[in-house]
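Letter by letter, the chains look like this.
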Amino acid sequence: MLKEKLEQRKCFPTAWGKLITEEEAYRQLNRQIAAMTANLFQVMRIFEPSWEKRTEAICDIANMMNMAVAGTPEEQKDYVNASLYEAFNIPELCEKSSWLGGITGDSGDEWENMAGRVVQFTRNRVEKELDTCPWDIVGSELCNMTTSMFTANFDLASSNGTENEVALNMCQARGCGNKHCRVVAERRDVYGLPKQGWLDHMQQPVDPIHDTPRERMVKEGQCLRNGQYTQNFGEETSLEKAYHWVAQMGWVWSIQFPMMAIKDMAPDEDEFLRVFRIVFATAGKNQFIDPFAKEGLRSYLGVPHEMDENDGRILGGYIRYMLDVQQVPYEMVRWTKDETWIKVKSEDFTARYEMAPLDELVDAYEAQWNGAAKTLVSPEWSCVIEDRDEEDMYIKVIRKEDLRML
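Now for a description of the structure that goes with this document. (Residues numbered from 1 in each chain as written. Predicted model: local features only at pLDDT ≥ 70, side-chain atom pairs only at ≥ 80, totals over all residues. Heavy atoms only, no water.)

What follows covers unusual backbone geometry. The phi angle at glutamine 327 is positive, at roughly 60°, despite the residue not being glycine. By the secondary structure assignment, glutamine 327 is in the loop between α10 (313–325) and β9 (331–335). The backbone of aspartate 387 shows a phi angle near 60°, a positive value even though the residue is not glycine. Tracing the chain through its elements places aspartate 387 in the loop between β11 (381–386) and β12 (392–399). (Helix = DSSP H or I, 4+ residues; strand = E, 2+ residues; numbered from the N terminus.)

Our next topic: the packing of aromatic side chains. Counted by the stated rule, this structure contains 12 aromatic pairs. With 4.8 Å between their ring centres and 75° between their planes, tryptophan 253 and phenylalanine 257 make a pair best called edge-to-face. Of this pair, tryptophan 253 and phenylalanine 257 both sit in helix α7 (residues 239–265), 4 residues apart, which is roughly one turn of that helix. Where phenylalanine 349 meets tryptophan 369, the ring centres are 6.4 Å apart and the plane angle is 70°; that geometry is what we call edge-to-face. A residue pair is termed long-range when its members are at least 10 positions apart, and phenylalanine 349 in helix α11 (residues 346–350) and tryptophan 369 in helix α12 (residues 360–376) qualify at 20 residues. We note that phenylalanine 349, like tryptophan 369, is buried. Counting every residue linked through ring pairs, the aromatic cluster contains Phe12, Tyr300 and Tyr321. For lysine 396, the ring lying beneath its charged end belongs to tryptophan 341, and the centroid distance is 3.6 Å. (Phe/Tyr/Trp six-rings, centres within 6.5 Å; stacked < 30°, edge-to-face > 60°. Buried < 20%, exposed > 50% of the residue type's maximum accessible area, 1.4 Å probe, protein only. Lys NZ or Arg CZ within 6 Å of the ring centre and 35° of its normal.)

Let's shift gears to empty space enclosed by the protein. Summary: where empty space remains is shown by rolling a probe the size of a single water molecule over the atoms. On inspection of all chains with the given rule, the structure shows 3 cavities of 30 Å³ or more. By volume, the second largest cavity is sized at about 50 Å³. Within the residue set of the lining of the second largest cavity, elements represented by two or more residues are β4 (125–130), α4 (140–156) and β6 (181–187). The dominant element in the lining of the second largest cavity, judged by the number of residues it contributes, is β6, at 3 residues. A per-class count over the lining of the second largest cavity returns 7 nonpolar, 2 polar and 1 charged. (1 Å grid on protein atoms, 1.4 Å probe; cavity = no way out; pocket = protein on both sides within 12 Å on 5 of 7 lines; lining within 4 Å. Points joined across faces, edges and corners; volume = space filled by probe spheres on them. Nonpolar A, V, L, I, M, F, W, Y, C, P; charged D, E, K, R; others polar.)

What follows covers the nonpolar core. By size, the foremost hydrophobic cluster in this structure holds 89 residues, and its most contacted members are Leu315, Phe349 and Ile395. Counting residues per element, this core draws most heavily on α7, which supplies 16 residues. Contact partners of isoleucine 395, with chain neighbours within four places excluded, come to Ile319, Leu323, Thr340, Trp341, Ile342, Val344, Phe349, Trp369, Cys383, Val384 and Ile385. Of all hydrophobic cores here, the second largest spans 11 residues; its members include Val80, Tyr85, Ile103 and Ala157. (Core = buried A, V, L, I, M, F, W, Y, C linked by side-chain atoms within 4.5 Å. Contact = heavy atoms within 4.5 Å.)

Turning our attention to the pairing of strand β5 (residues 166–172). With 7 of 7 residues buried, β5 is to be regarded as a mostly interior element. In this structure, β5 lies alongside β6, joined through 6 bridges in antiparallel fashion. Paired with leucine 168 across the bridge in β6 is alanine 185. (Pairing = 2+ DSSP bridges.)

For the rest of this paragraph, the subject is the packing of α7 against helix α8 (residues 269–287). Where α7 contacts α8, the two axes come as close as 9 Å, and the packing angle between them is 115°. For the crossing formed where α7 meets α8, the hand is right-handed. Contacts between α7 and α8 involve Met259, Ile262 and Lys263 from the former and Glu269, Phe272 and Phe276 from the latter. For the contact of α7 with α8, the class distribution of residues is 4 nonpolar, no polar and 2 charged. (Axes fitted to C-alpha atoms, helices over the stretch in contact; angles between N-to-C directions. Left-handed = near helix turned anticlockwise from the far one by under 90°.)

Look at α8 against α12: their axes get within 6 Å of each other, and the N-to-C directions meet at 35°. Read as a crossing pair, α8 and α12 show a hand that is right-handed. When α8 is examined against α12, the residues Phe272, Leu273, Phe276, Arg277, Phe280, Ala281, Gly284, Lys285 and Gln287 are found in contact with a partner set consisting of Glu360, Asp363, Ala364, Ala367, Gln368, Gly371, Ala372, Lys374 and Thr375. Here the residues of the contact of α8 with α12 are counted per class, giving 8 nonpolar, 5 polar and 5 charged.

Attention now moves to the pattern of salt bridges. Scanning all chains against the criterion turns up 29 salt bridges. Across the pair aspartate 363 and arginine 388 runs a salt bridge whose closest N-O atoms are separated by 3.0 Å. Residue aspartate 363 is found in helix α12, and its partner arginine 388 is found in the loop between β11 and β12; the two are separated by 25 residues along the sequence. The exposure class assigned to aspartate 363 is buried, which follows from its relative accessible area of 9%. (Salt bridge = Lys/Arg side-chain N within 4 Å of Asp/Glu carboxyl O.)

Now for the layout of surface pockets. Within this model, the second largest pocket holds a volume of roughly 310 Å³. Lining the second largest pocket we find 15 residues, and of these Glu366, Ala367, Asn370, Cys383 and Leu406 sit closest to its centre. Breaking the lining of the second largest pocket down by element, the ones donating at least two residues are α8, α12 and β11. The element contributing the most residues to the lining of the second largest pocket is α12, with 4 residues. By residue class, the composition of the lining of the second largest pocket is 6 nonpolar, 2 polar and 7 charged.

The next subject is α7. Its 27 residues give α7 an end-to-end C-alpha distance of 37 Å, which sits within 8% of 39 Å, the value for a rise of 1.5 Å per residue. Bending of α7 peaks at approximately 50° at the position of methionine 249. In terms of burial, α7 is a largely internal element, 20 of the 27 residues being buried. (Expected span 1.5 Å × (residues − 1). Bend = angle between axes of the 7 residues up to and from the residue.)

With that out of the way, let us pick up the sheet that holds β4. Read from one edge to the other, the open sheet built from 4 strands follows the order β3-β4-β6-β5, with strand pairing classed as antiparallel. Each of the sheet's edge strands pairs with one partner strand only, and the pair in question is β3 (117–121) and β5. If you compare each strand with its neighbour and ignore which way they point, the axes differ by 20° on average. Strand direction decides the pairing type here: β3 and β4, joined by 4 bridges, are antiparallel.

Here it is, written out as structure tokens:
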């Protein structure tokens, strides 16, 4: 017999009615944050040529901020209970130990910024493995920084209130060319291991790793494959929860924390913003430099073939798509062949997580979208963001002449 009704799925429409599924939007969100992080790390490499110095700096700030999120030592007890025992459904009968930090982020997916799935969890050793990583384009510094945030989880859950009870190594990383991401934590007192510095976290563990063969590797995390992830203690994470978490917190861990360290590498704020805008403008121009990239975007968004290529709504439609993917509310004010105006609340755009507003997102996207206008449409077009210090700001795609155009 025929189905009585069609199945329903969560989607949002592009400016031309093409439906984008929740799964596709989630993939795009992860990759967009990764691309933003990659651009930022290019800025870092300009200001600090030493891999060791910049890696140690971002590791230090990321660990400090991850600890700070948990609050005072007294508040940290409640944080551990909420983020470990409750959030990951760990039975109370489990002995309090730094090892419980190994469960944190066991989502088998990207939603905890590449924490990975636990493949071994014993009293003395925790091993996490991940086959897919949207952040693999950023570079080895971020791979190393990941361990500094994991270290905070272990230290917060420490059984005796001391830090560095474990030796933590990201012995494989897709950002370094490996087929997996793999983090291994081994108890220092059992394995006789020394206390580590931030540059010691990419070594090999003592015990052999559990390497999943390539034929059994997955191309997507379990949230995308099954719509939810169920970890070893039975805690479930839905795709919807994962999506919202990344849309809110992905910017904080991947961009806000390292940016604090990177700003300190620049001589001053003005020089930081000068280089910052140049890097992001270049990224925008290169985004659509090839004709197949422009044609691909038109097809993806459903832009009608009769729409002239010299039409600012093509970029305007792409920006609308990006705001939808990132779950940022907006209002269309003007939508004509000659101009696109998009109104968005400033705090919605900059404060994806209200405790850590990221004002530099305005500078980054203005530079990137302005650069993209030059190759996606034509050099006649620009993207400007006005009234950024007001309650409502306006993203405008307009024709604009500028004798000092970058």
